[in-house]
Amino acid sequence: MKEKFKSSFYNIYKNKDGINEVFNTFTKADVIFDDWLFDCLNDGNFENVDSDTITELLNLGFIVPSYVDEFQIIKNSYIDYRKKKEKLLITLVPTFMCNFRCKYCFEGSTPKSNNQIIDYETLKKYAELNFDKFKHVHITLFGGEPLLCHEKNVDFYKYIKKMCELNGQTYSSSIATNAYLLNEKCISELIEICNCQTFQITIDGCRRTHNMLRGLAGVKPTYDVVLNNFRTLLKYNSIGDLNIVLRVNLFNNTIDEVNELLEEFTEDEKQRFSIYFRYIYNTKEFKEKNENEINLNEFYELAKKQGFSINGNRKFSFYHCEGDGAEEQIHILPNLKVYKCINDMTYEKSYIGDINPHGEILFNDNIHIWNDYSFFEDKKCRECKYLPMCWGGCPLIYKKSNRRVCIHEKVMEENEKKGEIINA
């Protein structure tokens, strides 16, 4: 009997300007099809599809055997991954000091005058006691501004490099920086010593809004320095082995203003990084109306037309953010307190433990509430095609309000209105 197949529930069908694109949110396969095969996938009819094509569609996850319960496979895969605990993901905040004075900073409640720097010797003891429990360790340098502690960071990485080599482990790192201090020596050391593979740099919309919102301490403009240092970083990515991301924050920016920023880059530079847009949201210290909150699509369309690569959540992962999971994904703060999420430092249950002077990590009872898979029981999540990309949405919002926020819902609705999403 000929085996029967069905189209994956997690296929997103898109038709724009006569181009038929199918994206699978679980496997992250993204392919352009001719009209006939696109219709076969959309209709779930594969009677006349040859065996080689069937095999390829199966491998990409666009079709599955008719008896397969995809939701159960995804749920089991997620839980199995969590139980393995093969990777330790640390967001390291060496200091809350910052050379910028961004008006909207969510860390605004943390005094920038607090010049505390993490105790690196205790951090080394923590590494000795904990790193060998995992096959791979990834550290994201965050702040404050992590480059204010660059020399100490490099010394720490030299130490863990030797340790990981002795343990037969691998390690990598990434950094989120305002780029003001990102000179050539710094870039070289981050790549060669810290094995830094991902760099995220932020520019606020255009020269006008960037210098208005993202000034240096002393209210000095920073746009030109940040842009020049970003260009220097791009020179190190000639073969594309680095993941360089430009985050463009928007605050009542017009399409023309964003176009000013995009036109700063040459065709060669565009090939060396990806870009994404975020609107500046209100915090405890910053409450302003932002027209860019409504829709970012026009900015993405402009960037795509100009040949930029869009940075999106299309890489395979089993977590929404660092707030997922339990003790294998943590934030370590300058005072050696351990948090799950630092987007709201006033939320007491984000604080999950401490690292003592011996390097031992002592978790408190809050750790248990973050090891949560309840989104699999949520009706809206169970029926959502974007579940394998979202994994229940922001865990902090859920912990604080007991509601799940779908980050893809607005985008889907906008695209459906324009007729670009079919059978979503």
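The model shown is predicted, which means the values in this text are computed figures rather than measured ones.

Enquirer: So what exactly am I meant to see when it comes to the pattern of salt bridges here?
Expert: Charged atoms that come close allow side chains of opposite charge to pair. Taken as a whole, this structure holds 17 salt bridges when the rule is applied. Among the salt bridges present, the one from Arg231 reaches Glu269, with a minimum N-O distance of 3.1 Å. Of this pair, Arg231 sits in helix α8 (residues 223-235) while Glu269 sits in helix α10 (residues 267-270), and the two are 38 residues apart along the sequence. For Glu269, a relative accessible area of 13% translates into the label buried. What emerges from the salt-bridge pattern is a single network uniting Arg207, Asp224, Arg231, Glu264 and Glu269.

Enquirer: Help me out: how do you make sense of the packing of aromatic side chains in this one?
Expert: The description of two aromatic rings rests on the distance between their centres and on the angle between their planes. One pass over the structure, following the stated rule, counts 23 aromatic pairs. Ring centres 5.9 Å apart and planes at 75 degrees place the aromatic pair Phe230 and Phe265 in the edge-to-face group. Here Phe230, found in helix α8, pairs with Phe265, found in the loop between α9 (255-262) and α10; they are 35 residues apart in sequence, far enough to count as distant. Grouping residues by exposure puts Phe230 and Phe265 together as buried. A ring pair is formed by Phe277 and Tyr300, whose centres lie 5.1 Å apart and whose planes are at 90 degrees; its orientation type is edge-to-face. A residue pair is termed long-range when its members are at least 10 positions apart, and Phe277 in strand β11 (residues 274-279) and Tyr300 in helix α11 (residues 297-305) qualify at 23 residues. Sitting over the ring of Phe9, Lys385 keeps its end group 4.6 Å from the ring centre.

Enquirer: Teacher, can you tell me more about empty space enclosed by the protein here?
Expert: Gaps left between atoms are located by rolling a probe of water-molecule size over the structure's atoms. By the definition in use, this model includes 3 cavities of 30 Å³ or more. Within this model, the largest cavity holds a volume of roughly 70 Å³. Every residue lining the second largest cavity is listed: Tyr81, Arg82, Lys85, Glu86, Lys87, Leu89, Tyr319, Glu328 and Gln329. Looking at the lining of the second largest cavity, the elements with two or more residues in it are α3 (70-84) and β6 (87-92). Classifying every residue of the lining of the second largest cavity gives 3 nonpolar, 1 polar and 5 charged.

Parameters at a glance
Residues numbered from 1 in each chain as written. Predicted model: local features only at pLDDT ≥ 70, side-chain atom pairs only at ≥ 80, totals over all residues. Heavy atoms only, no water. Salt bridge = Lys/Arg side-chain N within 4 Å of Asp/Glu carboxyl O. Helix = DSSP H or I, 4+ residues; strand = E, 2+ residues; numbered from the N terminus. Buried < 20%, exposed > 50% of the residue type's maximum accessible area, 1.4 Å probe, protein only. Phe/Tyr/Trp six-rings, centres within 6.5 Å; stacked < 30°, edge-to-face > 60°. Lys NZ or Arg CZ within 6 Å of the ring centre and 35° of its normal. 1 Å grid on protein atoms, 1.4 Å probe; cavity = no way out; pocket = protein on both sides within 12 Å on 5 of 7 lines; lining within 4 Å. Points joined across faces, edges and corners; volume = space filled by probe spheres on them. Nonpolar A, V, L, I, M, F, W, Y, C, P; charged D, E, K, R; others polar.

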